[in-house]
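# Coordinates in review
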Amino acid sequence: MDIQGVVAEGFEPVRDAFVRNFEVLGDRGAAVAVYRDGRKVVDLWGGTRDADGTEPWTEDTAQIVRSATKGVAAAVPLLLHQRGLLDLDAPVGAYWPEFKAGGKEKILVRDLLAHRAGVPALDRGLTAAEAADGVSGPRAVAAQQPFWEPGTEHGYHAQTYSWLLSELVLRVTGRTLGSVLAEEIAEPLGLDFWIGLPDTEADAGRVGRVAPVEPPESAGMLRTRPRRNVSEAYADPASLTRRAFAAIDPLPDENAPAYRAAELPASNGIGTARALARFYGATIGVVEDGARIFTPATTELAAREHSAGPDRVLVVNTRFGAGYMLHGPASPLLSPASFGHPGRGGSLAFADPDTGIGFGYVTNALAKSVTADPRAQALVRALKSAL
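Cis geometry is found at the peptide bond from D249 to P250, where omega equals 0 degrees. The residue P250 is located in the loop between α10 (240-245) and α11 (257-261) in this model. The backbone of H115 sits at a positive phi, close to 60 degrees, despite the residue not being glycine. Its place among the elements puts H115 in the loop between α3 (109-113) and α4 (128-132). The backbone of V315 sits at a positive phi, close to 60 degrees, despite the residue not being glycine.

Structure follows, in structure tokens:
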């Protein structure tokens, strides 16, 4: 495998693990980047731009990162909170009156960010066109009765998170979440990351195609069977697990131009590993040219545990901060201080305040993993060994 890019002295184990992901774990095209104390120390890429193609992955190849989008999207409401424009302890209905329907009047903005709002699924799944139109999704979650008493439990809002965050930001600012992200985070930081891919980037042909893949026989750990109750939850069409992931039904074509152009903050962010690593580096400190996103108080808020224990949707124990998944058995990150978000199928990005690390990994080979893909975990272990 011809691996391109650079690795700072001492971080060679990350390169070795990246190579092994292709040789043993079935990667087709991927990139990994690491910032430490604001300085880029790993920037690697290899394989093909398309999971089912032959064109090489280049330095600026971008990919859809699925739920790793959530961590980037969460920075927008936290930035609004940092500026005094959004109160996390206010009811969501104070900003979005229609959301109070169905017994949701006491749900706080903080609950929404921490997957405690009780609306991870919809009584009727939306079509891909409805999910992307900016109206049907918010209307549906506003009308939805909660599946548990809001604030008392948590469960992963796999798809509905898109409409919850996007409508909240729209009500507070009058602008879409994707536009706030572009203008106030991505452009100032020089990030190649978009929620709602612009026509200029779509026409540039830099975004690769993703595809589901079966792990090779050599990747035995990718074939580890999940616990029976988890398997049953995903197999049962009536389970909250299946219904949460089927809030868009049928599942959209993630390579379709219309899907890429839509703003779905839960699932369709497109970017580079370098952008993700730089983004997370800027949530915990100053990156190379003096840019940063969060104040120390906002960083602490992002990483502070808001939800922990049995997840009503993922059927395992999970931990969430204000918009971020936290380190734990279901999603191991670098340390107990880490916060970030995995993407179903492989991608992973996070920050670790204790070590000054910002990490990003993207892949076009979508495996069956949900929160702890073995390729991403191999890179995290290698990074840990280098620190």
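After that view of the structure, there is still more to cover.
With that settled, the discussion passes to the packing of helix α5 (residues 136-143) against helix α6 (residues 161-173). For the pair α5 and α6, interaxial distance at closest approach is 9 Å and the crossing angle is 100 degrees. As far as their axial angle goes, α6 and α5 are roughly perpendicular. On α6, the residues touching G137, P138 and V141 of α5 are W163, L164 and E167. Counted by class, the contact of α5 with α6 contains four nonpolar, one polar and one charged residues.

A few words now on the pattern of salt bridges. In the structure shown here, the tally under the stated rule is 22 salt bridges. With a shortest N-O distance of 3.2 Å, E201 and R206 are connected by a salt bridge. Look at R206 and you get buried, because its relative accessible area is 11%. For D289, the salt bridge identified is with R278, shortest N-O distance 3.1 Å. A residue pair is termed long-range when its members are at least 10 positions apart, and D289 in the loop between α12 (273-284) and α13 (296-303) and R278 in helix α12 qualify at eleven residues.

On to the layout of surface pockets. Of the pockets and cavities examined, the second largest pocket occupies roughly 200 Å³. Looking at the second largest pocket, the residues that line it are A131, A132, G134, P138, W163, S166, E167, L170, T176, L177, E263 and L264. The dominant element in the lining of the second largest pocket, judged by the number of residues it contributes, is α6, at four residues. Residues belonging to the lining of the second largest pocket are distributed by class as follows: seven nonpolar, three polar and two charged.

We now examine α6. Its 13 residues give α6 an end-to-end C-alpha distance of 18 Å, which sits within 8% of 18 Å, the value for a rise of 1.5 Å per residue. Positive phi shows up at G174, right after α6, with a value of about 75 degrees.

Cut-offs applied
- Residues numbered from 1 in each chain as written.
- Predicted model: local features only at pLDDT ≥ 70, side-chain atom pairs only at ≥ 80, totals over all residues.
- Heavy atoms only, no water.
- Helix = DSSP H or I, 4+ residues; strand = E, 2+ residues; numbered from the N terminus.
- Axes fitted to C-alpha atoms, helices over the stretch in contact; angles between N-to-C directions.
- Parallel < 35°, antiparallel > 145°, perpendicular 65-115°, else oblique.
- Contact = heavy atoms within 4.5 Å.
- Nonpolar A, V, L, I, M, F, W, Y, C, P; charged D, E, K, R; others polar.
- Salt bridge = Lys/Arg side-chain N within 4 Å of Asp/Glu carboxyl O.
- Buried < 20%, exposed > 50% of the residue type's maximum accessible area, 1.4 Å probe, protein only.
- 1 Å grid on protein atoms, 1.4 Å probe; cavity = no way out; pocket = protein on both sides within 12 Å on 5 of 7 lines; lining within 4 Å.
- Points joined across faces, edges and corners; volume = space filled by probe spheres on them.
- Expected span 1.5 Å × (residues − 1).

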